[in-house]
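Architecture at a glance
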Amino acid sequence: MTDTNAHTSADTGADLTKIAADLAPAGTLRASINLGNPVLAQGTPDAPSGITVDLAREIGARLGLPVELLCFDAARKSYEAMASGRADLCFLAVEPAREAEVAFTAPYVVIEGVYAVPRDSALRTPADVDAPGVRIGVKAGSAYDLYLTRTLRHAEIVRGEEGVDTFAERELEAGAGIRQPMTAYAAAHPQVRLIEERFMEIRQAVGTTVGRSPETVAFLRATVEELKATGFVAESLRRAGQDPNLVAPPAASSV
């Protein structure tokens, strides 16, 4: 009996051989992994793990491709690998500044950006932070850097390798970051507290370069939706010690 799954997608009728050749013309699926986001990836460059690693391997398996994991310590480096052609697949937050180069799926995970402030700070809400004289430490090139650059009207962004480190070292009025590591940071530093209300939702998605065929992008989008619906994403998050409730809702139908 012929294994038709090696050649076509049962749901879409897509030719997986053509999709594999389009997505990974060198014959190996090169996936860009951001170890700087502990919700999405953990471990070391030699032994990475987490939801993005699991997604890369699952996509490779469905296309019959070996997978090479290219690990970076920041989203901007992961994006640069994608944009420069060194990677075929990336796992980044959807942001307008990236969409000129990256064709995104719908998000598979939604996380939150929050602020840390000194415990005695008068800043209580995200709106309070966007004020003259307020300096915010951010990780350069991160999703929240791009978002705050686009949306802040009064506060000043101070970029560094890590937002909370820049916040602490420069004695800034606020630091921006992802809720989970920011919560851990505040717990370890009693002189710091979080502003609990999020300042943004960070929609983490799978991406490839915009020059890929429509069939390839459609395959990635359909695969992400299936893996959310079947519990693959939630189980991967659980294995990594992350909250399975971070799974994004189903994508809105385009029909």
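The structure this text deals with has already been given above.
Residues numbered from 1 in each chain as written. Predicted model: local features only at pLDDT ≥ 70, side-chain atom pairs only at ≥ 80, totals over all residues. Heavy atoms only, no water.

Thoughts on the side chain of T105
Here T105 shows up in the loop between β6 (102-104) and β7 (109-118). Assessed through its relative accessible area of 6%, T105 is described here as buried. Apart from the residues lying within four places of it in its own chain, the contact partners of T105 are V94, A205, V206, L220, R221 and V224. (Helix = DSSP H or I, 4+ residues; strand = E, 2+ residues; numbered from the N terminus. Buried < 20%, exposed > 50% of the residue type's maximum accessible area, 1.4 Å probe, protein only. Contact = heavy atoms within 4.5 Å.)

Some points on helix α8 (residues 179-188)
All of the buried residues in α8 are R179, M182, Y185 and A186. Taken end-on, α8 shows its buried residues confined to a sector of 125°, consistent with a single buried face. Every exposed residue of α8 that faces more than 90 degrees away from the buried side is listed here: A187 and A188. Turning to α8, the residues buried within the fold contact β7, α7 (163-169), β10 (174-178) and β11 (192-209). (Arc of directions from axis to C-beta.)

Things to note about the packing of helix α1 (residues 16-23) against helix α9 (residues 214-229)
For the pair α1 and α9, interaxial distance at closest approach is 9 Å and the crossing angle is 100°. The angle between α1 and α9 places the two elements in the roughly perpendicular class. Contacts from L16, I19, D22 and L23 in α1 reach E215, T216, F219 and L220 in α9. Partitioned by chemical class, the residues of the contact of α1 with α9 number 5 nonpolar, 1 polar and 2 charged. (Axes fitted to C-alpha atoms, helices over the stretch in contact; angles between N-to-C directions. Parallel < 35°, antiparallel > 145°, perpendicular 65-115°, else oblique. Nonpolar A, V, L, I, M, F, W, Y, C, P; charged D, E, K, R; others polar.)

Some details on the nonpolar core
Judged by nonpolar contacts, the single largest core of 54 residues is most densely connected at Y108, Y115 and I136. The element that contributes the greatest number of residues to this core is helix α2 (residues 51-63), accounting for 6 residues. Of all hydrophobic cores here, the second largest spans 11 residues; its members include A116, V158, F167 and L194. (Core = buried A, V, L, I, M, F, W, Y, C linked by side-chain atoms within 4.5 Å.)

Topic: the side chain of S236
In this fold, S236 is placed in helix α10 (residues 232-239). The residues touching S236, leaving out its near neighbours within four places in the chain, are G50, I51 and D54.

What to know about the pattern of salt bridges
Here the structure, examined in full by the defined rule, presents 17 salt bridges. Across the pair E225 and K228 runs a salt bridge whose closest N-O atoms are separated by 2.9 Å. A residue pair is termed a helical-turn pair when its members lie 3 or 4 positions apart in one helix, as E225 and K228 do in helix α9 at 3 residues. For K228, a relative accessible area of 10% gives the class buried. (Salt bridge = Lys/Arg side-chain N within 4 Å of Asp/Glu carboxyl O.)

Here we look at the environment of L152
Structurally, L152 is set in the loop between α6 (143-151) and β9 (156-160). Using a relative accessible area of 15% as the deciding quantity, one classes L152 as buried. Leave out the neighbours within four places in its chain, and L152 touches Y115, D130, I136 and I157.

Digging into the pairing of β9
Across 5 bridges, the pairing between strand β8 (residues 135-139) and β9 is parallel. Note that in β9 the partner of G137 across the bridge is V158. This β-α-β element, β8 to α6 to β9, shows right-handed connectivity. (Pairing = 2+ DSSP bridges. Right-handed = clockwise from strand over helix to strand, strands pointing away.)

Some points on the packing of aromatic side chains
Scanning all chains against the criterion turns up 2 aromatic pairs. Taking 4.3 Å as the distance between ring centres and 25° as the angle between the ring planes, the aromatic pair formed by Y115 and F199 counts as stacked. Pair noted here: Y115 is in strand β7 and F199 is in strand β11, with a separation of 84 residues, a long-range link. Taken individually, Y115 and F199 each receive the classification buried, so the pair is uniform in this respect. Counting every residue linked through ring pairs, the aromatic cluster contains Y115, Y147 and F199. (Phe/Tyr/Trp six-rings, centres within 6.5 Å; stacked < 30°, edge-to-face > 60°.)

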